[in-house]
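Letter by letter, the chains look like this.
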Protein chains: 2
Amino acid sequence: MLVISLWGVWLELLEAIKGRRSIRAYRPNPIPSEDVERLIDCARWAPSAGNLQPWEFIAVTQESKKLELARAALGQRFIAEAPVVLVVCADTWRSASVYGLRGESLYCIQDTAAAIQNLLLTAYSMGYGTCWVGAFNEETVRPVLNIPRRLRPVAIIPIGVPGESPSPPPRRPVSQILHWDAYREV
Amino acid sequence: MLVISLWGVWLELLEAIKGRRSIRAYRPNPIPSEDVERLIDCARWAPSAGNLQPWEFIAVTQESKKLELARAALGQRFIAEAPVVLVVCADTWRSASVYGLRGESLYCIQDTAAAIQNLLLTAYSMGYGTCWVGAFNEETVRPVLNIPRRLRPVAIIPIGVPGESPSPPPRRPVSQILHWDAYREV
């Protein structure tokens, strides 16, 4: 089910959705900046409330900054081992300016998460491993990357050629999570 | 770039990411329950914090309930015109039980949003149109679908064969949203 394109291997959608794994070990191979641009190009096609696109992406390659990010993420050292560490920021002010508190606390979180999922799938289809890290101290990350008050760092995503090949973690069955016309405890 | 499978047309990932649109008009064609199950099957392969999978999906087909959902969503009437209206719930208690306030206010919102993006892409690849509706009164939706306190309805997603073919809304350029090693105002 592979489709070969001019710039590598393009995966069929369902294979990407089901085959993507969280990868926590990376080979040292560098990532060309064009590949990072391609990831962001796909991220930005996510839908967003009012098409506000309340997202900013900071691609970190400097060793010292990657180490500071790993420390801010409770010492998860694998983060610093990735050739590129992406920090995704939600523009809370942008969403709040139109939608108030609901924009700030819900929509811009959802919009950036949808963009991240596009990015994870695209990275996988390009042969890169990623891990969506949410456990970090936002206030520690801010000064490292000059993140202003209106932006909120919502995810740290190390990206690199996979150095491991984990099994898929179990998933709750469809019959347990899909309900018809009303919620029923299963 | 189409790959034909036993159960229809499978789209290449990037075509799905870039070709998906928000659709607000639907044809009356019914949606087989197997297709809804297939959408949920793809949604559940999104990553989630601690693999908690804090999501529940309520597929609404009853006319009276669809009308109540449309009313709860500030009267957006196109919602009731879709053959299936999906209400996605975040299990805030499930995430809070492991991660406290950050789980409840951030992770379970992100996890459900990533699952939704999988679902929107899959729906598009199956020929269905969707629209991620975030503007609705959560407390009005609860009693319609028997949603308990531990769940929070975070999105209403009408699904149907598209009755319109909108142009892609503009996107902020990559050069404006991608920053290297530190945030810089563009």
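Note that this is a predicted model, so its numbers are computed, not measured.

Here is what the cut-offs are and how they apply
Residues numbered from 1 in each chain as written. Chains lettered and ligands numbered in written order. Predicted model: local features only at pLDDT ≥ 70, side-chain atom pairs only at ≥ 80, totals over all residues. Heavy atoms only, no water. Pairing = 2+ DSSP bridges. Helix = DSSP H or I, 4+ residues; strand = E, 2+ residues; numbered from the N terminus. Contact = heavy atoms within 4.5 Å. Axes fitted to C-alpha atoms, helices over the stretch in contact; angles between N-to-C directions. Salt bridge = Lys/Arg side-chain N within 4 Å of Asp/Glu carboxyl O. Buried < 20%, exposed > 50% of the residue type's maximum accessible area, 1.4 Å probe, protein only. Buried area = accessible area lost by both parts, 1.4 Å probe. Polar contact = N/O pair within 3.5 Å; in protein donor to acceptor, adjacent residues only side chain to side chain. Nonpolar A, V, L, I, M, F, W, Y, C, P; charged D, E, K, R; others polar. Least-squares fit on C-alpha atoms with pLDDT ≥ 70 in both. Core = buried A, V, L, I, M, F, W, Y, C linked by side-chain atoms within 4.5 Å. pLDDT = per-residue confidence, 0-100. Expected span 1.5 Å × (residues − 1). Parallel < 35°, antiparallel > 145°, perpendicular 65-115°, else oblique. Left-handed = near helix turned anticlockwise from the far one by under 90°.

S.K.: So what's going on with the sheet that holds strand S5 (residues 129-130) of chain A? Residues and values would help.
M.R.: Read across the open sheet, the five strands follow the order S5(A)-S6(A)-S4(A)-S3(A)-S7(B); overall the sheet is mixed. The sheet is open, and its two edges are formed by S5 of chain A together with strand S7 (178-180) of chain B, each paired on a single side. Two strands pair when backbone bridges link them, and strand S3 (residues 55-60) of chain A and S7(B) are joined in this way by three bridges, in the parallel orientation. By the bridge assignment, A:Ile58 is partnered in S7(B) with B:His179. With respect to the sheet, helix H2 (residues 33-43) of chain A is in contact with S3, strand S4 (84-91) and strand S6 (151-160) of chain A together with S7 of chain B, its orientation differing from that of S7(B) by roughly 150°.

S.K.: Lay out the sheet that holds strand S3 (residues 55-60) of chain B in plain terms, naming residues and giving numbers.
M.R.: Ordered by their spatial adjacency, five strands build an open sheet running S7(A)-S3(B)-S4(B)-S6(B)-S5(B), and the pairing between neighbours is mixed. In the strand order of this sheet, the two ends are held by strand S7 (178-180) of chain A together with strand S5 (129-130) of chain B, each with one partner. Relative to strand S6 (residues 151-160) of chain B, strand S4 (residues 84-91) of chain B runs antiparallel, the two sharing eight bridges. Of the residues in S6(B), the one forming a bridge with B:Val88 is B:Ala155.

S.K.: How would you explain the pattern of salt bridges if you had to name every residue and give the values?
M.R.: Should the charged atoms of two oppositely charged side chains come close, the side chains can pair. Residue and element names in this part refer to chain B. Summed over all chains, the structure comprises 22 salt bridges over all chains. Between Glu-63 and Lys-66 there is a salt bridge, with its nearest N and O atoms 3.3 Å apart. Of this pair, Glu-63 and Lys-66 both sit in helix H3 (residues 63-72), three residues apart, roughly one helical turn. Look at Lys-66 and you get buried, because its relative accessible area is 2%.

S.K.: Give me the interface of chain A and chain B: which residues, what numbers.
M.R.: Across the boundary between the two partners, chain A contributes 79 residues, which contact 79 residues of chain B. Across the interface of chain A and chain B, roughly 7400 Å² is buried in total on both sides, 59% from carbon and sulfur atoms. For the pair chain A and chain B, the interface holds eight salt bridges. Salt-bridge contacts for A:Arg102 lead to B:Glu138; the nearest nitrogen and oxygen are separated by 2.7 Å. If you look at where chain A meets chain B, you find 58 residue pairs in polar contact (both at pLDDT 80 or more). By residue number, the principal contributor to the side of chain A that touches chain B is helix H5 (residues 92-125) of chain A, which donates 14 residues. Across the side of chain A that touches chain B, the residue classes break down as 47 nonpolar, 14 polar and 18 charged.

S.K.: Give a description of the relation of the copies chain A and chain B that names residues and reports values.
M.R.: Aligned on chain B, chain A shows an RMSD of 0.0 Å; the corresponding rotation is 180° and the shift along the axis is 0.0 Å. Taken together, the rotation angle and the small translation identify this as a two-fold axis. Of the residues that chain A buries at the interface, 100% are likewise interface residues in chain B, meaning the two copies contact each other through the same surface.

S.K.: Quick rundown of the nonpolar core? Include the residues and the values.
M.R.: Among the nonpolar cores identified, the biggest contains 72 residues, and A:Ile40, A:Phe57, A:Leu86, B:Ile40, B:Phe57 and B:Leu86 are the most heavily contacted of them. Aside from chain neighbours lying at most four places away, what touches B:Ile40 is A:Val174, A:Ile177, A:Leu178, B:Phe57, B:Leu86 and B:Leu119.

S.K.: I'd like to hear about the confidence of the model for chain A, residue by residue, with values.
M.R.: It should be kept in mind that the predicted coordinates are not to be read in detail where pLDDT is low. Taken over all residues, the pLDDT of chain A has a mean of 94, while the share at 70 or more is 94%. Our summary of model confidence lists the complex with pTM equal to 0.95 and ipTM equal to 0.95.

S.K.: So, the environment of B:Ser22: which residues are in play, and what are the values?
M.R.: All names here are of chain B. Locating Ser-22 in the fold gives a position in the loop between helix H1 (13-19) and helix H2 (33-43). For Ser-22, a relative accessible area of 24% translates into the label partly exposed. Along the backbone, Ser-22 and Ser-165 are 143 residues apart, and their C-alpha atoms lie at a distance of 9.3 Å. Sequence-distant contacts of Ser-22, that is, excluding residues within four places in its chain, are made with Thr-130, Cys-131, Glu-164 and Pro-166.

S.K.: Describe in detail H5(A), supporting the description with residues and values.
M.R.: Taking 1.5 Å per residue as the helical rise, H5(A) with its 34 residues ought to reach 50 Å, whereas the 30 Å between its terminal C-alpha atoms falls clearly short. Directly after H5(A), the chain includes A:Gly127, whose backbone phi takes a positive value near 90°.

S.K.: Tell me about the environment of A:Ala155, and please be specific about residues and values.
M.R.: Residue and element names in this part refer to chain A. Topologically, Ala-155 is positioned in strand S6. Here the alpha-carbon distance between Ala-155 and Ser-97, two residues 58 residues apart in the chain, equals 22 Å. With residues up to four places along the chain from it excluded, the contact list for Ala-155 reads Leu-86, Val-87, Val-88, Ile-116, Trp-132, Val-133 and Phe-136.

S.K.: Kindly report on the packing of H2(B) against helix H5 (residues 92-125) of chain B, identifying the contributing residues and their values.
M.R.: Residue and element names in this part refer to chain B. Following both chains from N to C, one finds H2 and H5 inclined at 135°, their axes separated by 7 Å at the closest point. When the axis of H2 is compared with that of H5, the two are oblique. Relative to H5, the crossing made by H2 is right-handed. Together, Leu-39, Ile-40, Cys-42 and Ala-43 of H2 and Ala-115, Asn-118, Leu-119, Thr-122 and Ala-123 of H5 make up the contact between the two elements. In the contact of H2 with H5, the residues fall into seven nonpolar, two polar and no charged.

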